[in-house]
Amino acid sequence: MGAYILRRLLLIVPTIFGIMLVNFALTQFVPGGPIEQVLAQIEGQGDVFAGFAGGGGGPVEAGGESEGYIGARGLPPEFIAELEREFGFDKPPVERFLQMMGNYLRFDFGESYFRSVSVTDLVLEKMPVSISLGLWSTLLAYLISIPLGVRKAVRDGTPFDSWTSGVVIVAYAIPGFLFAILLLVLLAGGSYVQWFPLRGLVSDNWEELSLPAKIGDYFWHITLPVVASTIAAFATLTLLTKNSFLDQIKMQYVMTARAKGLSERRVLFGHVFRNGMLIVIAGFPGAFISIFFSGSVIIETIFSLDGLGRLGFEAAVARDYPVVFGTLYVFGPHRPCGPADHRSDVCVDRSADRFRHARGLAAWRCPR
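Residue positions are given per chain, counted from 1 along the sequence in the order it is written. Two thresholds apply to this predicted model, a pLDDT of at least 70 for residue-level local features and 80 or more for giving and counting side-chain atom pairs, whereas whole-chain, interface and lining totals are computed over all residues. Side-chain metrics in this entry use all non-hydrogen atoms of the structure; hydrogen atoms and water are not considered.

Engineer: Any chance you could explain helix α6 (residues 93–105) here in plain terms?
Structural biologist: Think of an α-helix as 3.6 residues a turn; residues three or four steps apart then line up on the same face. An ideal rise of 1.5 Å per residue puts 18 Å on 13 residues; α6 measures up with 18 Å between its terminal C-alpha atoms. For each residue, the accessible area found with a 1.4 Å probe, counting protein chains only, is set against the maximum for its type, and the residue is called buried under 20%, exposed over 50%, and partly exposed in between. Numbering goes from the N terminus for both helices and strands, where a helix is a DSSP run of H or I of at least four residues and a strand is a run of E of at least two. Within α6 the residues assigned to the buried category are Arg96, Phe97, Met100, Met101 and Tyr104. With its buried residues spanning 130° around the axis, α6 presents them on a single face. The exposed residues of α6 that point more than 90 degrees off its buried face are Val94, Leu98 and Leu105. Count one or two residues on from α6 and you reach Phe107, which has phi positive near 60°. By this rule the span expected of a helix is its residue count minus one, scaled by 1.5 Å. Our arc is simply the arc of the directions from the helix axis toward the C-beta atoms.

Spelled out as structure tokens, the structure:
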């Protein structure tokens, strides 16, 4: 087990290096970098992407020009060189990449180009919103999926199993962002009723509310984002729970328990449940840890939630590279091949040993 954990942890090094290298290489070819953003603001265009789309701009004065950047015409070359030094683009790409990785090894992520705030402070500021969204989404998915999956396994092949499977498949097929827009249109004042707020995590007067009112206001705002985030997760987890319990119900120790006269309820909750929940519970550490290091970009953007997902989206649009690479460096190991998956694998292995031993004894120790 120790050698296995060590091998999996060592995978973090090539994984994170590959993530950083690929994304760094992509930024060298994507137009509209931070210097172009500054130049667009100086020229009064507001955003460099308006120039790419054919908007804004007008005639550009000729003069001392730097053809390397869109919007640099008419600006002194010394000013362009100063911008390059400020953003660190006066160095070769290889040197910049190695310097960045050296700083990141010391967990020095630098400051945002356009916010004048350290990347660490930005992440810590946005993290509670993503934690809140991910935590409630995970809990809701488990609370719905486990009872439904067990019920489907017990009533496998019945009309209940058939129509609930249809609902689960439809829920899995609906994209989260489309379901979020549907909720806004139907329930947040889009075209029908306005039972829930359109945006934000709390109301503007949240500080003035009493404690019970604050709690109610918080859940009032978080309801639609949580439901939109849960729609696909609950479908996957329901089918996983059902298949896990079906495998256990066909085991020899279940037949032995039934032959000894135990009731179906006693067999299900006394023996099958603890073994069938192995895969479901073992995956919880990975899901629980991942909510601290990920944010739903689309859900947070649609509902205007100021979390990590929206932070990453805005940083990518603004070409705020310190924020983009800093978040990739921190969150990358918690994706596939990261520590979150390692914890799940360890939990599966350790729990399997315990449940395998318990299952072996179950046939001999089933009480009458």
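Engineer: Help me understand the nonpolar core, please; the structure alone is not making it clear to me.
Structural biologist: Among buried residues, those of type Ala, Val, Leu, Ile, Met, Phe, Trp, Tyr and Cys that are joined through side-chain atoms within 4.5 Å constitute a nonpolar core. Ranked by size, the top nonpolar core spans 24 residues in total, and within it Leu133, Leu224, Ala228, Phe234, Ile299 and Phe303 carry the most contacts. Counting only elements with at least two residues in this core, the list comes to α7 (119–154), α8 (159–173), α9 (176–187) and α10 (211–249). By residue number, the principal contributor to this core is α10, which donates 8 residues. Setting aside residues no more than four positions away along its own chain, Phe303 makes contact with Ala180, Leu184, Leu198, Arg199, Gly200, Leu224, Pro225 and Ala228. The next biggest cluster of nonpolar side chains, apart from the first, holds 20 residues, and it includes Phe97, Tyr104, Val123 and Val324. Contacts are assigned to residue pairs with any non-hydrogen atoms lying within 4.5 Å of each other.

Engineer: Would you explain the side chain of Lys214 in this entry?
Structural biologist: Tracing the sequence through the fold places Lys214 in helix α10. Nearest to the buried, unbridged Lys214 among oppositely charged side chains is Glu207, at 4.2 Å. With near-sequence residues (within four places) excluded, Lys214 lies in contact with Trp206, Glu207 and Leu209. In this charge count, Lys and Arg are treated as positive and Asp and Glu as negative; neither His nor the chain ends contribute. We define a salt bridge as a contact between a side-chain nitrogen of Lys or Arg and a carboxyl oxygen of Asp or Glu at a distance within 4 Å.

Engineer: Looking at this model, I keep getting lost on the confidence of the model for the protein chain. Mind explaining?
Structural biologist: pLDDT: the predictor's confidence for each residue, scored from 0 to 100. Of the residues in the protein chain, 76% have a pLDDT of 70 or more, and the chain-wide mean is 75. Of all secondary-structure elements in the protein chain, the lowest mean pLDDT belongs to helix α4 (residues 48–52), at 42, while α8 reaches the highest, 89. Within the model, pLDDT remains below 50 along residues 47–67, and this stretch shows 31 contacts once partners closer than five positions in the same chain are excluded. Within the model, the stretch residues 361–368 combines pLDDT values under 50 with 14 contacts to residues more than four positions away or in other chains.

Engineer: Explain the pattern of salt bridges to me, please; I cannot follow it from the model alone.
Structural biologist: Pairing of side chains with opposite charge becomes possible as their charged atoms draw close. Per the stated rule, a full pass over the model turns up 8 salt bridges. In this structure, the salt-bridge partner of Arg310 is Glu314, at a minimum N-O distance of 3.1 Å. Taken together, the positions of Arg310 and Glu314, both in helix α15 (residues 308–318) and 4 residues apart, correspond to about one turn of that helix. By relative accessible area, Glu314 is classed as partly exposed at 29%. If you follow the salt bridges from partner to partner, you end up with Lys152, Asp156, Asp161 and Lys242 in one network.

Engineer: What am I meant to see in the side chain of Ser112 here?
Structural biologist: By the secondary structure assignment, Ser112 is in the loop between α6 and α7. By relative accessible area, which is 4% here, Ser112 ends up buried. Polar contact is the term for a pair of N or O atoms within 3.5 Å; when the atoms are in protein, one must be able to donate a hydrogen and the other to accept it, and sequence-neighboring residues count only if both atoms are side-chain atoms. Of note is the side chain of Ser112, whose polar atom sits 2.3 Å from the side chain of Asp320. Discounting residues that sit within four places of it in the chain, Ser112 has contacts with Val117, Val119, Leu122, Asp320 and Val323.

Engineer: What should I look at first to understand helix α12 (residues 264–282) in this one?
Structural biologist: The terminal C-alpha atoms of α12 lie 25 Å apart, and with 19 residues this matches the ideal 27 Å at 1.5 Å per residue to within 8%. To obtain the bend at a residue, axes are fitted to the seven residues ending there and to the seven starting there, and the angle between these axes is taken. Remark: the principal bend of α12, roughly 55°, maps to Val272.

Engineer: Would you take a moment to explain a nonpolar patch on the surface for this structure?
Structural biologist: In this analysis, a patch consists of residues with relative accessible area above 30% that form no salt bridge, clustered at 9 Å for like charges and at 5 Å for the nonpolar side chains Val, Leu, Ile, Met, Phe, Trp and Tyr. Accessible areas in this description were obtained via Shrake-Rupley with a 1.4 Å probe; residue shielding takes into account the shown protein chains only. A contiguous nonpolar patch, built from Phe177, Leu178, Ile181, Leu182, Val185, Leu186, Tyr192, Val297, Ile298, Phe313 and Val317 and spanning about 940 Å² of accessible area, is present on the exposed surface. Of all the elements in the fold, those that place two or more residues in the nonpolar patch are α9, α14 (297–302) and α15. Here the element with the most residues in the nonpolar patch is α9; it accounts for 6 residues. Relative to the helices and strands, Ile298 resides in helix α14.

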